[in-house]
Amino acid sequence: MSTIRLLLAIALAVAMLPAGALAQERGTITGQVVDQATGQPLQGVQISIAGLNVGTLTNQQGRFLIPNVPTGPREVRAMLIGYGQVSQPVNVAAGATATVDLRMAQVAIALDEVIVNAVTGQSERRRESGNVVNTIRADQIETAAVANVSQMLTARAPGVVIQQHGGTTGGSQRIRIRGSNSISLSNQPLLIVDGVRVNNSPAGLGSVGANNVWVGGQETSRWNDFSPDEIENIEIIKGPAAAALYGTAAANGVIQITTRRGRAGRPQWSAYTEYGTLNLDQQFPANYRQVGRSPTDTRVASCTLDARARGQCTPVADSLLSFNPLMTYSPFRDGYRQQQGLNVAGGTEQVTYYIGGDFEREQGVLDPNSLRKVNLRANLQSRIAENLTAAVTTGYIANRTMLAWNDNSSFGAMGAGLLGQAVDDTVRQGYFSRHPSHFFFIDSGQDVYRFTGGLNLTWQPVQWMNVVGQAGIDQANRHDFQLTAPGISNYSTGVLEGSRYSNRFTLNNYTANLSGTSTFQLRPDLQSQTTIGAAYTQEGQHATYGFGRQLLIGTGTLGGAAAGFAVSEDVQDIVTVGAYARQQLAWRDRVFVTAALRGDDNSAFGTDFGLVLYPAFSASWVVSEEPFFPQVGFLSQLRLRGAYGQSGQRPGFRQAETYFNPVSVALAAREVTAVTLGGSGNALLSPERSSEVEAGFELGLLANRLGLEVTYYNKTTQDALIARRLAPSLGATTTRFDNIGRVNNRGLEAMLNASLVERGPVHWDVTLTASTNRNRLLALGEGIEPIIFNSVAAQRHQDGLPLGAFYQRRVLSFEDRNGDGIISRVNCPTYGTTENPQIAGGPECEVVLSQSEEFLGTPLPTREIGFNTRITLLNWLRVSGQLDYKGGQTQYNYTEWFRCANWGNCEATHNANAPLDEQARYIAALMGTPAGYIEDASFVKLREVAFTLTAPQDWSRRLGGSGLSLTVAGRNLATWTNYTGFDPEVNSLGYTGPGNAGGDFYMQDFLTMPPVRYWTARVNYNF
Amino acid sequence: MPTTKTRGRAGSALPGVSALLVALAVPLAGCDLNKLLDVPDPAVATPGALEGPQSLPILLAGAQTDFQLAFSGSSGSEGIVNMTGLFTDELHYTSTFPTRVQVDRREITPDNGTMETIHRNLQRARASADRAARAYTQHGPNALGHAEALNLHGFSVILLGESYCSGVPFSTLTAAGTTEFGQPLTTQQMFQAALTSFDQALTVATQAGSAAAAVQQQNLARVGRARALLNLGRFADAAAAAQDVPTSFVYRIFHSENSARQHNAAFSFMYLERRWSVADREGGGLPFRSDNDPRVPWARGTGAQAVGFDESPLYLQLKYPNRSASVVLASGLEARLIQAEAALEAGQANWLTILNDLRANPPAESFPAAQYPGIGGLTPLADPGTQAARVDLLFKERAYWMYLTAHRLGDARRLMRQYGRTQAQAFPTGEWGVWIAAKSGEYGSDVNFPIPLDEENNPHFTQCLDRDP
């Protein structure tokens, strides 16, 4: 703690160096900002006075007013996302009003876009930052084509990878920025909404854990609570080089959501309504079986090709059976989606507001999967005094998600069908035990009532100083429940007698920041900006779990249960306290050098570990503004930048502690309190520390109609926290966390923005994003055996390989040597511990495996390309689309492995006409390797297409409004891939996360429903 | 270009700046930040809370609960009772999980996740008993709980020795959090280690007096000693160890409806999950069903238990008919069986007498007539005439008397190790999965469980020293 005080003192001293301007006489500046091309007023433009911490936003008429400006020559700057900065000198006289009108032009590279640091609350222009920060503007996205935040992020920023887990409405996604840093902790980025750190847990309903409600694989996510319609923009801070000030949380990058704000002017209302359909367009394979006779002429019900090759049976003629229950008696339905919303924004120069509400309902394609959500938002900004502004942001979410059983569950439609019968029958209709609709009555759901609120105060006690205070809360009351009503099905005793889970959670995140920034001119061409501050965050999860069974018919709560009561409670709180200092020097507004330092302490650190310090340095140079820069026609802008920084990730709750869980033990008729070891702690546990170097440039070409942004990054996580698997002979827990690993990610990112056509009423804009990622586990720790996980030991963390590498014996070759049309393993050698059948005089071995296990692939993409385009014609038709390519990743087609090698009902097990490669991977699986089912999962997807028709202005006016449009949008429209399963990016193990053997690197397609196709129509009406 | 002019540094502005920045810093610098970081954790117990004599009963209860989980499981995890039954001819698998299929087929890979849990639970039971025993050594060496902790430690080690290949290490996680890795122990060394524990337990229990509770622990130690000696092939010593144990003695591992952790896994996984079934002549094994022996009560499932998870017919054991059914760990009956075996091995005629005495007077403590109808009507056995047939008969008696009590695997291994039987004579062999069309394949060649791959994090360990019986 004393170190934090010391840091504060140092920061204090540094900050005192610049002491600047004194009070003087004042005047006012006013004016209007318009689009250079159209002449239309621009609202929301940030107006500032160079060298002073004063500014405002333009209203709906593009007008602004800045009172209380010190007299003298000033420079007025105007900045707006997507536009080039403009500035104009003005002389401010005492008591007078100076007028400045500005015209802004759209540019591909906007160096003067403002980005906000959520920790300090201070904003800076992009040109000042040595890092790349990508901004996704909501007004550039057809909201009809995206249903949630994850879809907003998909394929729109280089280095940001979103993997859909399946086609479940309300399901979660895997989100990664610049690869995966951590072996055993979460790799999800930090999520901040309006400066408030919010819960970003991927775990929820569906996650595995003691007393958790489970539905086979899919789970919900807190990411998608927020509605795209309430979002103004999303900023993506990629990694430690940019996120050092965010401290012990930001190693995986930061995603900052800014919700919509009001603008000064009359109230502007906006209403929209949307309706659409969801459907599953998927061909499923049939189930197979062949009847045979044994050598002793007894009936063999399942005479597989392998058994035939081994002489164990002979197929009975014409007895090959096949049936496809999923295609014949489909359990899927057409889902639908609807959304309605209304919002108003407006205000005065003193107070602006945004108030909006949104209702969303989506019915998934498999009963009872559905989502019902209400989002309410009220944001208020006020200039309380000339030097004091306040912003209050509030959001409320009420959400009910119902999930269907699927994935690793016999209640699931996919499992019941794909593991079903090879014949139709009246009772089961070819399904495994029952038609899936038999289990639709089981209600598994989650209610969330969530409030996110923030207060931001900006005080300018003197012209050269800003003090920002932020406080925020994100509180979610979550109820996970599962009701199996009694007496409906006699599938099993548990289903018959009925049961009820009712788990209630209070999830809290508290944020408090206080920072001061002073700005002054050291020399006429050299500006200094110093920031010091302190931050506090608290993350809490308080949970009560309840379970009961043997429900009274007609009841549906724990009160109706008669037996099996189980209740437990858990309280988890983690506190981070940090202090930071940042110093920036700006030379002639084109060279910027910044140094920063943050120190953190955290309640989850080991008791023997103290403070962690995260330094950062960055430099930015707008070369094209140098006098020596050649004035070449096609080259309009060039900026070079580089940065180094560190950030961290804390251990989880209790991971540093040795502790015992209370349990009960029965001794004859008595229940006795007992303990069992819950955690094998590590008092030295410290945060993971990720260091990153990034360097890049931005290039503006052809009068800034084409912008190219290129970045190289190289980050290494030291002291990586590894859930080190303990030798069972210790008699301890399965894992213990140690700071022993080292992980590296490096790659290139590029983004190309281009206005390909700008001719009169025709506009064609294109954005191309691309990135690569090379992920390697540099060291797992001395003496640590590879961490092996996933079914059939398919994946592992091992030195020198990507994290979660697929690693198995490879299928080197196969050949039907005896020409019988069947691939067999007869007379194949022993591989590892798997002996193969040896038959004297039998055929030669037809499948050759590698002698040792080999690297087969990585679960995460190593390259990705996003292509977004928008064409506007005649101001009434807009067409947009998105192509998403992910490459280099591997998928585990465990569905087919399970059907063939474990269940024996796939085509390759029975049908001699099955393709030889299908037979070969099945036989290889019997020989001990699932390698044939570990497949390249590269794909190109047509994610989005949208058509927007804008009604002529007079149509809108006749309706009393100012704008009317209709958008028809489709999502998940086509996939091109060599993957032989249903979809290359699904994951049945979406629920696995930090603390499990494989961390969150599990990748498995196991009876998982693929993404569904959406078609929606949306009407927007402004008035 | 910025044109703001600066009026120089410091000067009159500095005091105001100082005041401002101090105001910023004071809220943090002035308060006790340690208090901010001190978050409560009321849901668990720290090691410090479990020190001193008052914690001994809690630590002993900890050893008991960990042993229960490892031995006869819970509704979330099978115990060694399930797994040895599945591995041998007591049970067959009626579900789909590949890791359990490996066990049923006797071809278990060291990376089998289910078996990793089984092994870890057994090692946790051993370590937990050891932790309790150490605490008793420090704070109550003569307390009867000390004897029970040592007994549970001994049985944990016996089950490891009977179930796993040669080469299981016993390591220690110290109170300070450091690791002390053990060397791989041979099967014989494990039984010797168990014997040492039982010897110590018997000493403590004997010193504790002659109250019923003390006698209970004495008999538990005696049966444990006899079982260890039997595994070591010291038949006469085993018989001597067992002779003072009354036939009525029984020590149970209790289960309860109270929590999922306390449910009987043999019930839960069979009745509720429908994943296990009573086997019959599995791979040439014993006719547990078709003999209709009252000691192995079973019934064809009906209604919700009509078929297994794999849709094959489900045969329910009736020995553990509910979640709270207890499982016998050691009994006077076992003591008699050990004496009978020792007599047979020594060529003494009374081996059959002992067996027939049990059949004529089945101990009601272990086999209440209400649960085992027909138990009183077991007909006397006839001497089959040959030594091999006598051994078969004795082991069949053991199998029926001690069905689903984690004895069958140890017996199968002893048949090979001590009586020279082949694998095919001791374990299921041939075509696997005959109970349902969808399953096919052959039994493997494992005669014991491999040690899970995770043990390779022990620097002294590579893999099994051998896979011999």
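Residues numbered from 1 in each chain as written. Chains lettered and ligands numbered in written order. Predicted model: local features only at pLDDT ≥ 70, side-chain atom pairs only at ≥ 80, totals over all residues. Heavy atoms only, no water.

With that settled, consider the overall build of chain B. Along chain B, the regular secondary structure elements total 16 helices and 10 strands. Based on the C-alpha atoms only, the size of chain B along its principal axes is roughly 115 × 60 × 45 Å. Long-range pairs, those at least 24 residues apart, make up 71% of the contacts in chain B between residues at least 6 apart in sequence. Of the roughly 16,100 Å² that chain B leaves accessible, carbon and sulfur atoms contribute 54%. Placing the 38 positive and 44 negative side-chain charges of chain B at their respective mean positions leaves the two points 5 Å apart. (Helix = DSSP H or I, 4+ residues; strand = E, 2+ residues; numbered from the N terminus. Contact = heavy atoms within 4.5 Å. Areas by Shrake-Rupley, 256 points an atom, 1.4 Å probe, with all protein chains shown as cover. Lys, Arg positive; Asp, Glu negative; His and termini not counted. Charge placed at Lys NZ, Arg CZ, Asp CG, Glu CD.)

What follows concerns helix α11 (residues 265-272) of chain B. Residue and element names in this part refer to chain B. By the criterion of burial, α11 is predominantly enclosed, with 8 of the 8 residues buried. All buried positions along α11 are accounted for by Ala-265, Ala-266, Phe-267, Ser-268, Phe-269, Met-270, Tyr-271 and Leu-272. Regarding α11, its N-cap is Asn-264, as a side-chain oxygen of that residue lies 2.7 Å from the backbone nitrogen of Ala-266 further along. A positive phi of about 60° marks Arg-274, the residue just after α11. (Buried < 20%, exposed > 50% of the residue type's maximum accessible area, 1.4 Å probe, protein only. Polar contact = N/O pair within 3.5 Å; in protein donor to acceptor, adjacent residues only side chain to side chain.)

To continue, consider the pairing of strand β1 (residues 26-35) of chain A. Residue and element names in this part refer to chain A. Within β1, 7 of the 10 residues are buried, which leaves the element mostly enclosed by the surrounding structure. Across 6 bridges, β1 lies against strand β4 (residues 63-70) in antiparallel orientation. Along β4, the bridge assignment pairs Gly-27 with Val-69. The sheet contact formed by β1 and strand β7 (residues 97-99) spans 3 bridges and is parallel. By the bridge assignment for β7, Thr-28 is matched with Thr-97. Both β1 and strand β8 (residues 102-104) contribute to a ladder of 3 bridges, which runs parallel. (Pairing = 2+ DSSP bridges.)

Glancing now at the confidence of the model for chain A. Residue and element names in this part refer to chain A. With 96% of its residues at a pLDDT of at least 70, chain A reaches an overall mean of 89. The spread of mean pLDDT over the elements of chain A runs between helix α1 (residues 2-16), the lowest at 46, and strand β48 (residues 934-936), the highest at 98. Contacts of residues 6-23 to residues separated by more than four positions or lying in other chains number 45 contacts, the stretch itself having pLDDT below 50. (pLDDT = per-residue confidence, 0-100.)

Right, let's talk about helix α14 (residues 387-401) of chain B for a bit. Residue and element names in this part refer to chain B. If you check α14, its first and last C-alpha atoms are 21 Å apart, about what 15 residues at 1.5 Å a residue would give, namely 21 Å. Taken together, the buried positions of α14 are occupied by Val-391, Leu-393, Leu-394, Phe-395, Glu-397, Arg-398, Ala-399, Tyr-400 and Trp-401. Taken together, the buried residues of α14 touch α9 (212-231), α12 (332-346), α13 (350-360) and α15 (408-419). (Expected span 1.5 Å × (residues − 1).)

Residue and element names in this part refer to chain B. Under the defined criterion, the tally for this structure stands at 4 disulfides over all chains. With a sulfur-sulfur separation of 2.0 Å, Cys-165 is cross-linked through a disulfide to Cys-464. Measuring handedness by torsion sign, the sulfur bridge of Cys-165 and Cys-464 sits at about -80° and is left-handed. A residue pair is termed long-range when its members are at least 10 positions apart, and Cys-165 in the loop between α7 (144-163) and β2 (168-169) and Cys-464 in the segment after α16 (423-426) qualify at 299 residues. The same class applies to Cys-165 as to Cys-464, namely buried. In chain A, the bonded cysteines, taken in the order they occur along the sequence, pair up as 1-2, 3-4, 5-6. (Disulfide = S-S within 2.5 Å.)

In this structure the tally under the stated criterion is 89 salt bridges over all chains. For B:Arg323, the salt bridge goes to A:Glu497, with nearest N and O atoms at 3.6 Å. Of this pair, B:Arg323 sits in the loop between β9 (315-317) and β10 (327-331) while A:Glu497 sits in helix α7 (residues 493-497), on two different chains. On the accessibility criterion, A:Glu497 (17% relative accessible area) is buried. A salt bridge links B:Arg234 to B:Asp237; the shortest N-O distance between them is 2.9 Å. (Salt bridge = Lys/Arg side-chain N within 4 Å of Asp/Glu carboxyl O.)

Right, let's get into the side chain of A:Thr676. Within the secondary structure layout, A:Thr676 lies in strand β35 (residues 670-679). Assessed through its relative accessible area of 6%, A:Thr676 is described here as buried. Once you skip the residues sitting within four places of it in the chain, A:Thr676 turns out to touch A:Phe660, A:Asn661, A:Val663, B:Asp66, B:Arg124 and B:Arg261.

With that settled, the discussion passes to the interface of chain A and chain B. Taken together, the contact between chain A and chain B spans 106 residues of the former and 92 residues of the latter. Taking both partners together, chain A and chain B bury about 8,400 Å²; carbon and sulfur atoms supply 61% of that area. The largest per-residue losses of area from chain A upon contact with chain B belong to A:Pro728, A:Ser729 and A:Leu730, which jointly make up 8% of the total buried on that side. Taken together, the links from chain A to chain B amount to 7 salt bridges. Summed over the shared surface of chain A and chain B, the number is 26 residue pairs in polar contact (both at pLDDT 80 or more). A per-element tally of the side of chain A that touches chain B places strand β34 (residues 659-667) of chain A first, with 9 residues. Partitioning the side of chain A that touches chain B into residue classes produces 56 nonpolar, 30 polar and 20 charged. (Buried area = accessible area lost by both parts, 1.4 Å probe. Nonpolar A, V, L, I, M, F, W, Y, C, P; charged D, E, K, R; others polar.)

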